[in-house]
Amino acid sequence: MAAILRKYIVVGGGVAGGYAAREFVKLGLQPGELTIFSKEAAAPYERPALSKAYLFPDAPARLPGFHVCVGSGGEKQLPDWYAEKGIELKLETEIVKADVENKTLTTNKGDIYEYGTLILATGSTFLNLADFKTPGADAKGIYYLRDIGDADKIVEAIKASKGDEAVVVGGGYIGLELAACLTMNKIKVNMVFPEPCLMPRLFTPELASFYERYYEGKGVNIIKGTTVTAFEKDDNGHVSKVLLKNGSSVNSTFVVVGVGARPLLAPLKGLIEEEKGGFKVDASFKTSNPNVYAVGDIATFPMKMYGDSRRVEHVDHARKSAMQAVQAIKAAEKGEVVDEYDYLPFFYSRSFNLSWQFYGDNVGETVLWGRNGAAASESKFGAYWVKDNKVMGAFLEGGSPDENKLIAKVAREQPTVNSTDELVSGGLGFASKI
Ligand code: FAD
Ligand code: NAD
Ligand code: ISD
């Protein structure tokens, strides 16, 4: 079969795929030059909405409301947008085979495409408790969340729940956001995670104590320091009880699991150099193969600010890395080079009436401001991370857009501090002087 030739191919129609399309259009794209393949049935959308407004009991977000690029204030790219720009958007089409010598890709439908330049944007998938061989992990009533299909199943389970308690497994992003959404839907939530505090990859115990108390105040039962050892099923194969390592158990017919993600490297795995679990790329997101770029969750890129290399599973980086790769590709065609990617890490979450943002690197000593010890208060508070007298990271709960910009500036500029007292007393005022 003759291969279908395309100047550019993007594999993955998620956040990075959608932002790459916009950047190609912005920089000049001829009809027929670009094909985007996505396993999903929906055109690229802002994935963060799935663990937030999509699950709200009132006026939930639904497509086409959150197609990219609305999450960053851009135009909403409906399927017609791709057609109007002459972009072939092949939905429900998986790339199952790649040949980097001949620059070809094979779809699950048997079509063969040949690319000039390939951008890989395949994202991640959730870790499944069945992979850890947790007994009963195949029971009905256990949900995971990555895409719209998963979110729809959770919406149906919320509708069908009849006063039973739910268990949320994991104290990371999915755990935090799903515990809040289920509670908003009047479902009693038990949250189980192995660490001593919530969101351990970012929060210190002191910082976490605020969120833990807030969640408990909303009725969430937090069970820390233990894991699920097994799920019991009823005669219909539906989960009925969650057994924990600490010897206790929770009767529950509704379980949501968020125990981390794994980057999807297939079908290029083994054909391109890897580093730290992702495809190794340079500062323009070019992989070890000069015709192949990798962006978003799957890319391990040079973190210029910190002199190391990292893989980042967050939306801001997915958007920016996609734009950087397309700019680099277009520049190379003119014999030019783009500035190196110089990423300032940015993580955020929203749940209940809470909204926090973090910028920079969470290394060194954490200095909390705006709260007296562990006394829970809904007033504004934050934290700075200080290493070798430099402020490396900044966190703010409840900040306005302008205030969040201030803490981003601190993390970017890494000001020197002589004493942490000035951070505690200055709080946000310290940031406003930078
Ligand atoms: P994705 O957006 O996952 O897109 C990858 C796409 O590629 C998918 O459509 C997938 O089906 C497709 N694909 C994979 N393999 C193939 C193949 N072989 N052929 C064809 N198509 C393929 N980050 C934040 O910073 N803030 C948040 O609030 C936030 N909320 C989130 C909420 C949820 C529920 C989830 C799951 C993630 C959230 N994230 C958030 C993380 C963020 O969404 C991801 O980091 C981001 O989507 C990564 O973009 P990506 O394009 O690399 O991957
Ligand atoms: P995560 O890495 O944020 O959290 C995983 C959590 O799982 C850990 O904190 C730990 O508490 C828990 N855990 C690990 N092993 C466990 C076990 N055996 N039993 C019980 N708990 C266990 O991952 P996630 O929350 O699953 O999120 C998945 C992906 O989605 C990530 O890429 C994340 O960045 C992304 N996401 C991001 C946001 C956001 O940025 N606001 C929101 C939702 C999802
Ligand atoms: O970045 C985001 C985010 O947190 C969302 O919920 O993008 C989405 C959009 O705002 C949805 O419209």
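Residues numbered from 1 in each chain as written. Chains lettered and ligands numbered in written order. Predicted model: local features only at pLDDT ≥ 70, side-chain atom pairs only at ≥ 80, totals over all residues. Heavy atoms only, no water.

1. Things to note about the overall build of the chain
Counted only if it meets this: Secondary structure elements follow DSSP: runs of H or I of four or more residues count as helices, runs of E of two or more count as strands, with numbering from the N terminus. Between the two quantities, the radius of gyration covers C-alpha atoms and the globule rule is 2.2 Å times the number of residues to the power 0.38. Relative accessible area decides the class of each residue, using a 1.4 Å probe on protein chains only: under 20% of the type maximum gives buried, over 50% gives exposed, and in between gives partly exposed. Contact between two residues is taken to exist if any of their heavy atoms lie within 4.5 Å; hydrogens are not considered. Computed by Shrake-Rupley with a 1.4 Å probe, the accessible areas treat only the displayed protein chains as cover when residues are assessed. His is not counted here, nor are the chain ends, while Lys and Arg score as positive and Asp and Glu score as negative. A charge is said to be at NZ when it belongs to Lys, at CZ for Arg, at CG for Asp and at CD for Glu.
For the chain, the count of helices and strands is 9 helices and 26 strands. Expected size for 434 residues packed as a compact globule is a radius of gyration near 22 Å; at 23 Å, the chain falls within 12% of this value. Seen through its principal axes, the chain has C-alpha atoms that stretch 65 × 65 × 40 Å. The buried share among the 434 residues of the chain stands at 53%. Of the contacts made within the chain by residues no fewer than 6 positions apart, 62% connect residues no fewer than 24 positions apart. Surface summary for the chain: the accessible area is close to 18700 Å², and the carbon and sulfur share equals 49%. Treating the 50 positive side-chain charges of the chain as one cloud and the 54 negative ones as another, the clouds have centres 1 Å apart.

2. Focus on the packing of aromatic side chains
As a reminder of what qualifies: Only the six-membered ring of Trp is used, alongside the rings of Phe and Tyr, when aromatic pairs are assigned; centres must lie within 6.5 Å, and planes under 30 degrees apart are stacked while those over 60 apart are edge-to-face, with the rest tilted. Consider the ring centre and the ring normal. A charge sits over the ring if Lys NZ or Arg CZ is within 6 Å of that centre and within 35 degrees of that normal.
With the rule as written, the count across this model stands at 30 aromatic pairs. Judged by centre distance (5.8 Å) and plane angle (45°), the ring pair of Tyr214 and Phe352 falls under tilted. Taken as a pair, Tyr214 in helix α5 (residues 205-217) and Phe352 in the loop between β22 (346-351) and β23 (354-360) lie far apart in primary sequence, 138 residues in all. When sorted by exposure, Tyr214 lands in the same class as Phe352, which is buried. Just above the ring of Tyr54 sits the side chain of Arg62; from NZ or CZ to the centre is 4.0 Å.

3. Some remarks on the site of ligand 2
Stated formally: For this purpose, a residue is taken to be near a molecule or strand whenever a single non-hydrogen atom of the residue falls within 4 Å of it. Side-chain atoms alone can form a polar contact between residues adjacent in sequence; in general such a contact is a pair of N or O atoms within 3.5 Å, and within protein one must be able to donate a hydrogen while the other accepts it.
Near ligand 2 you find 22 residues, and of these Ile174, Glu195, Arg201, Glu313 and Tyr348 are the closest. At a separation of 2.6 Å, an oxygen atom of ligand 2 approaches a polar side-chain atom of Arg201. Residue Glu313 places a side-chain N or O atom 2.5 Å away from an oxygen atom belonging to ligand 2. In the complex, the protein chains occlude 82% of the 840 Å² of accessible area that ligand 2 would expose alone. Looking at the shell around ligand 2, the elements with two or more residues in it are α4 (173-184) and β22.

4. As for the nonpolar core
What counts, and what does not: The term nonpolar core refers to a set of buried residues drawn from Ala, Val, Leu, Ile, Met, Phe, Trp, Tyr and Cys, joined through side-chain atoms within 4.5 Å.
Core analysis: the largest hydrophobic core is formed by 132 residues, its most contacted members being Leu120, Phe203, Tyr215, Phe254, Trp356 and Phe395. Counting 17 residues, the second largest nonpolar core, distinct from the first, contains Leu129, Ala139, Phe231 and Val242.

5. Details of the sheet that holds strand β12 (residues 228-233)
Test applied: The rule for pairing is simple: two strands pair if DSSP sees at least two bridges between them. Every axis in this analysis is a line fitted to C-alpha atoms, fitted for helices over the stretch in contact. Angles between the N-to-C directions lie between 0 and 180 degrees.
Strand order across the open sheet formed by 3 strands is β12-β13-β14, with antiparallel pairing between neighbours. A strand with exactly one partner marks an edge of an open sheet, and here the two such strands are β12 and β14 (249-251). For this sheet, the mean angle separating the axes of adjacent strands, direction not counted, is 20°. Sheet topology note: the strand β13 (residues 239-244)/β14 ladder contains 3 bridges and is antiparallel.

6. Side note on helix α7 (residues 401-413)
Applicable threshold: By this rule, a helix spans an expected 1.5 Å times one less than how many residues it contains. Working note: the arc is built from the helix axis to C-beta atom directions.
Taking 1.5 Å as the rise per residue, α7 with 13 residues should run 18 Å; its terminal C-alpha atoms sit 18 Å apart, in good agreement. Burial in α7 covers these residues: Glu403, Asn404, Ile407, Ala408, Val410 and Ala411. Along α7, the residues classed as buried sweep out an arc of 155° about the axis, all on the same side. Away from its buried face, by an angle of more than 90 degrees, α7 presents the exposed residues Pro401, Asp402 and Lys405. Summarising the contacts, the buried residues of α7 are in contact with β23, β25 (381-387), β26 (390-397) and α9 (428-432).

7. Let's talk about α5
Its 13 residues give α5 an end-to-end C-alpha distance of 18 Å, which sits within 8% of 18 Å, the value for a rise of 1.5 Å per residue. The complete set of buried residues in α5 reads Leu207, Ala208, Ser209, Phe210, Tyr211, Glu212, Tyr214 and Tyr215. Just downstream of α5, Gly219 is the residue with a positive phi angle, here 105°.

8. Considerations on the pattern of salt bridges
Applicable threshold: Whenever a carboxyl oxygen of Asp or Glu lies within 4 Å of a side-chain nitrogen of Lys or Arg, that contact is scored as a salt bridge.
Applying the stated criterion across every chain yields a total of 21 salt bridges. The partner of Arg146 in a salt bridge is Asp297, and the shortest N-O contact between them spans 3.3 Å. Taken together, the positions of Arg146 in the loop between β8 (142-143) and α3 (148-160) and Asp297 in the loop between β19 (292-294) and β20 (299-303) put the pair 151 residues apart, joining distant regions of the chain. Arg310 is paired through a salt bridge with Asp361; the nearest N and O atoms lie 3.0 Å apart. In this pair, Arg310 is assigned in strand β21 (residues 308-311) and Asp361 in the loop between β23 and β24 (365-369), connecting sequence segments 51 residues apart. The residues Arg310 and Asp361 share a single accessibility class, namely buried. Linked by salt bridges that have partners in common, Lys7, Glu33, Lys330 and Glu333 make up one network.

9. A word on the site of ligand 3
Definition in use: All amino acids are sorted into three groups, where Ala, Val, Leu, Ile, Met, Phe, Trp, Tyr, Cys and Pro are nonpolar, Asp, Glu, Lys and Arg are charged, and the leftover types, Gly among them, are polar.
The immediate surroundings of ligand 3 are formed by Glu46, Pro48, Ala49, Phe66, Val70, Gly71, Arg319, Tyr348 and Arg350. At 3.1 Å from an oxygen atom of ligand 3 is found a side-chain nitrogen or oxygen belonging to Arg319. Contacts to ligand 3 include Arg350, whose side-chain N or O atom sits 3.0 Å from an oxygen atom. Here the shell around ligand 3 is composed, by residue class, of 5 nonpolar, 1 polar and 3 charged.

10. Brief notes about the domain arrangement of the chain
When the parts of a complex come together, some accessible area is lost, and that lost area is often taken as the interface size. To keep it simple, the criterion reads: Residue ranges assigned to each domain were obtained from an automatic or database domain assignment. Once two parts are joined, some of their accessible surface, as seen by a 1.4 Å probe, is lost; buried area is that loss totalled over both.
As assigned here, the chain comprises domain 1 (4-123 + 264-333), domain 2 (129-259) and domain 3 (353-432). The C-alpha-based centres of domain 2 and domain 3 are spaced at 30 Å. Each partner contributes to the interface: domain 2 provides 15 residues, whereas domain 3 provides 17 residues. Between domain 2 and domain 3, roughly 1400 Å² of surface is buried when both sides are summed, and carbon and sulfur atoms account for 70% of that area. Of all residues in domain 2, the largest losses of buried area upon contact with domain 3 belong to Leu202, Phe210 and Tyr214, amounting jointly to 41% of the total for that side.

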